[in-house]
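Survey of secondary and tertiary structure
The chain contents come next:
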Amino acid sequence: MNVRSKEEKRFELAGHIVMITLCFFAIMPFLLLIASSITDHDVVVREGYKFIPKEFSLEAYRYIFGEWAQIGHAYLITIIVTVSGTFLSIMITTMFAFGLNYTDIPGTKVLFIMCLFTMLFNGGIVATYYTYSNFIHIKNTIFALIVPGLMMGAFNVILVKNYIKNNIPGELIEAAEMDGAGPIYIFFKLIIPLSTPILATIGLMGAVMYWNDWTNGLYYITNSKLYSIQQLLNQMNSSIQYLISNANNLGNVDLSTLPSTTMRMAIAVVAILPILCTYPFFQKYFAKGITVGAVKG
Amino acid sequence: MDTAKKRKKIRWKKALPIYLLLLPGTIYMLINNYLPMFGIIIAFKNINFKKGIFGSDWAGFDNFKFLFSSGNAWLMTRNTILYNLVFIILGIVIPITVAILMNEIRSKIANRIYQTLILLPFLMSWVVISYLGYAFLSLETGYINDSILKAFGKPPIDFYQDKTWWPLIIIFVHQWKGIGFGMVIYLASVVGISQDYFEAAKIDGATKWQQIKSITLPCLKPTIITLFILNLGRMFYSDFGLFYQLPRNSGMLYGATQTIDTFVYNALMVQNNYGMSSAASVYQSIVGFILVVLANETIKRISREDAMF
Amino acid sequence: MKRKVLALIMVAVMLMASFAGCSNKGGETENTGTGSAGTDSQAEATSAPEKTEHLIITYLYMAAAPADLLKVQDAVNAITVPAINVEVEFKPLGIGDSFTNYSLWISSGETVDLMMLAFQDIKNYVNSGQIEELDAYISEEATPTLYSLMQEFPIATRVADKIYGLSPVGVNYGDKPGIIIRKDYFEETGYEVKDIYAMDELTTVFAAIKEKHPECYPLSALGSAITAGNSQFGMYYGGNAPGGNINAGYLMEADSTTIVNLFETEEYKNFLNQMAQWYQAGYIVPDAATTDTSNNELLQTGKVAAYAMSQKPEQFASDYGFKVTGMATGAGRIGAFYGATNWMVPITSSNPAAAIKFMDYLYSDSNLSNLILNGIEGTHYKVVDPDNNVIAFADGLDATNSPYYNLLGFWGDRRNEYTFSASATRQQHDAFTQECMNNKFKSYGFNFNSADVSNQILACQTVLDQYQKALETGSLGDKWEKTYNDMVSQLKNAGIDQVIAECQRQFDEFLAQ
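Residues numbered from 1 in each chain as written. Chains lettered and ligands numbered in written order. Predicted model: local features only at pLDDT ≥ 70, side-chain atom pairs only at ≥ 80, totals over all residues. Heavy atoms only, no water.

Focus on the overall build of chain A
When helices and strands are tallied, chain A shows 15 helices and 0 strands. Looking at chain A as a whole, 58% of its 297 residues qualify as buried. Considering only contacts within chain A whose residues lie at least 6 apart along the sequence, 71% involve residues at least 24 apart. Carbon and sulfur atoms make up 65% of the accessible area of chain A, which amounts to about 12,300 Å² in all. (Helix = DSSP H or I, 4+ residues; strand = E, 2+ residues; numbered from the N terminus. Buried < 20%, exposed > 50% of the residue type's maximum accessible area, 1.4 Å probe, protein only. Contact = heavy atoms within 4.5 Å. Areas by Shrake-Rupley, 256 points an atom, 1.4 Å probe, with all protein chains shown as cover.)

Pasting the structure below:
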């Protein structure tokens, strides 16, 4: 039973080779990013980006830690938003997707089509902004970073709905219903534990989307205490871009104090690291071989 | 009479909790997506904020004209469609292969390391990736020109002015960024396939190949079809970061990198016209809608239970 | 079943839309409501100014809002409330964000009284009805400072003959073509110092620099500074675009009255050829068209020695550790002027008259504008040279840690304001302005109303977006001609001739007056 065939071994070897190649391509640019953030600024401008810094300089990071008040605060905001947003997102999406599978209940088919429809048609930023500012009044609050656009996407709903339909045996649910369990009990005690791979999937996607989102901050937040770290980075970049392309019209604005190339690299590294560290947390849910044994009997 | 009443009661008892579960999602959908739907009419109006959105004059299809009157109209549409077709095909073949292979690797530590690293590009923002692209492709100091080509004695390639390499570059970078994501989605399904099936197959003497062909792939079929239909709906959309930030919006590359989205963005950087941006969005939506409906109908005729609606 | 589903969707969408429609109309009536209230309070103001007007004014910053912004705001109110009965509230936002946020605020009815429009085209806001006409609020009695300044300097931005924006008064006006070059490298070459240089003299200097410093690229010709409205041609050869945007044509000489298509002139072709030759000789940075490093960074690190820039006096005051000097390639001039920065009043303003009154006061009182620009004297800065208006950071502070460092000087009359560097003196600025005013193009005072040809302009921009950067940075080397021909013919297809004809028509009318 535990003897592995030659073929299995070959498969695993092929797997390792492919993975190592992919990992190499994946990590190389990241190493370049780190390398350029610790290179001396003048060297980067003169000679470009190299894997091994010609001259070390932690100046860029010194600048960041000098601004720690602002950057640290942005971190905090991003973490709060990401954690709560991801949790809420998983809950709402899964509840909705589970309910959709009860096609005999009136209204579920309509709701599903309405959900699909949202993937295809969009009211546009003007109308969305108007809705969230004037109807819902969440402008300049932390909810503006959590709610608009991110809490439930049709894509995730479809993924979860299909997973539940295809991977959770109907007999299991029937057995529970015959034992007198209601849908809510089934949901919490049966569906959630058995759907961990897909929950981890949409959780990871949700976390990444929340972490990387800067558009919500751009539109709804003017209070600098509520800036997320991506918004900070993006604002810096777009300001710099604006000013450089209009330098002719600026007269004697002193551009030498703008965050330079290496600083922007350092900020990018700082912005990525935490999300990198959360992946292992989700990773354990992708463990192989979930045996569903309860059906027998 | 009594049994009919009883049946209705039972129905309600079951239906109410389900409506409860559906409630948060429904409210969210209505607020986030349906309330702002009125914004679609902006595409058909000559918007004047003094009169407000509803008071502005109707413009018919005027706002759509700029999409077709540019000399590049056909070029950008062609680029968008061709790239998306390639992405859809690659997006099915490659992530599934990787997911299946990943599932075969026994060492847990190796698993974790591989998955984390492969996912790394997915987590990066496009601004950062464009810097890195520059680090590799820049004429003077880029890694490729400076270290690789020089070592072979070949002349440097001006990547940002010469569009011949860009279809390859774009496809490569798109896969590089997306493999982790695709792998994760398919991996979740692969991992969810009950081990009993595989053990039964092994007992019957099936080879690894046969197991994959007859168990893994069919179990993935619903996911593949769903993703296929959804991607069809995005046929006229493109990843803005990939087509605008990576090529640094270099004009000489437009032949290979301009898509509908980048064209609209450039046009609106100048005129900031909400009517036109809304028109572009409606244009993309309608095409996507038609494609999704067509695809779904086709799939319905082939295997009914895999269709989406 | 399907029809039922479709019907339900329709009903849901219609319900949502009508719900939104009702509230939107409510918002609209609110808007007109405050509008009329505004005129009421104006009538009140003349009779008995009791209520203090509260103005919300945008405050643009570069990287982050200054930490002491509220302190400065209080100091501002300490001046404005007693003087003109106006209370100011700053609304900070990043300069890069102003592009998206202004329209969103206006479209959702949010009250803002004064918006600083930096580097955007004010016509977009005019054409979509987002901002107020200002003519009614500017007059000799109500706003004396503004009125008199307007006679002297082009500070009022007009579209179709109505004033929509107010620019700060510049320290100087006009442009003089040429390059800014490192003084030490220039002096090394031993080339004679002249008033005006010819283009091939520049070539000689570049060659000499390249010989002495082979790893340095003498000229930085950044693609990032080239936009469809901003051709590098003017940086070297002068001329003026009467429509602001090059698409609307070009006047080659000061006394020209015929607007030509710049892209089809011999001079433009020679310019492209010159850039291509410089590029091939290694005088221009290789990735000029796509790099996003700034001129300052490139100059500071020694990668370049010069860049094209109008020879304004303040350019020579920058200190990179070495000084810079200029090589002018033409005479100073001034033509049609389209302010790069404009204060405008959105339609959601609660009191446009008070907003303009504040503007008037800002232009007249240099205490106020210095306060907003540089912070509180003593706390943030100290005066070093009172005669030349030079200040330095207060003790212990510098550009990186000062709680109030506002780089964007868009407020008031710049001539009276303090500056940090020993920038040019007032005399130097005035002399420069005088030189340029003595060489006025016939388009001075003209403004082009592009509403009728906006589609063609957009199409031309698209063409220029594609080709202009590569061509004008010389990046295509000796293969530039084919691309140039493509650009010219595509511009024709895009309708550049119609735009120029329309501009000429309006220009002729203007000249006839």
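Still to come is the rest of the account.
Topic: the interface of chain A and chain B
Across the contact, 104 residues belong to chain A and 94 residues belong to chain B. Joining chain A to chain B, the criterion identifies 2 salt bridges. Between Glu8(A) and Lys202(B) there is a salt bridge, and its shortest N-O distance comes to 3.7 Å. Taken together, chain A and chain B are joined by 12 residue pairs in polar contact (both at pLDDT 80 or more). Among the elements that line the side of chain A that touches chain B, the one with the most residues is helix H1 (residues 6-37) of chain A, at 19 residues. The class makeup of the residues in the side of chain A that touches chain B is 70 nonpolar, 20 polar and 14 charged. (Salt bridge = Lys/Arg side-chain N within 4 Å of Asp/Glu carboxyl O. Polar contact = N/O pair within 3.5 Å; in protein donor to acceptor, adjacent residues only side chain to side chain. Nonpolar A, V, L, I, M, F, W, Y, C, P; charged D, E, K, R; others polar.)

A word on the domain arrangement of chain A
All names here are of chain A. The domains assigned to chain A are domain 1 (8-57) and domain 2 (68-248 + 257-284). Once you take the C-alpha centre of each, domain 1 and domain 2 turn out to be 30 Å apart. Of the residues lining the interface, 9 residues belong to domain 1; the matching set on domain 2 comes to 9 residues. Both sides of the domain 1 and domain 2 interface together cover about 770 Å² of buried area, and 82% of this is carbon and sulfur. When the buried area of domain 1 at its contact with domain 2 is split by residue, Phe-30, Leu-33 and His-41 rank highest and sum to 53% of it. In this structure, the connection of domain 1 to domain 2 is made through 0 residue pairs in polar contact (both at pLDDT 80 or more). Of all elements in the fold, only H1 and helix H2 (41-47) reach the threshold of two or more residues within the side of domain 1 that touches domain 2. With 5 residues, the top contributor of residues to the side of domain 1 that touches domain 2 is H1. Residues that form the side of domain 1 that touches domain 2 fall into these classes: 5 nonpolar, 4 polar and no charged. (Domains from an automatic or database assignment. Buried area = accessible area lost by both parts, 1.4 Å probe.)

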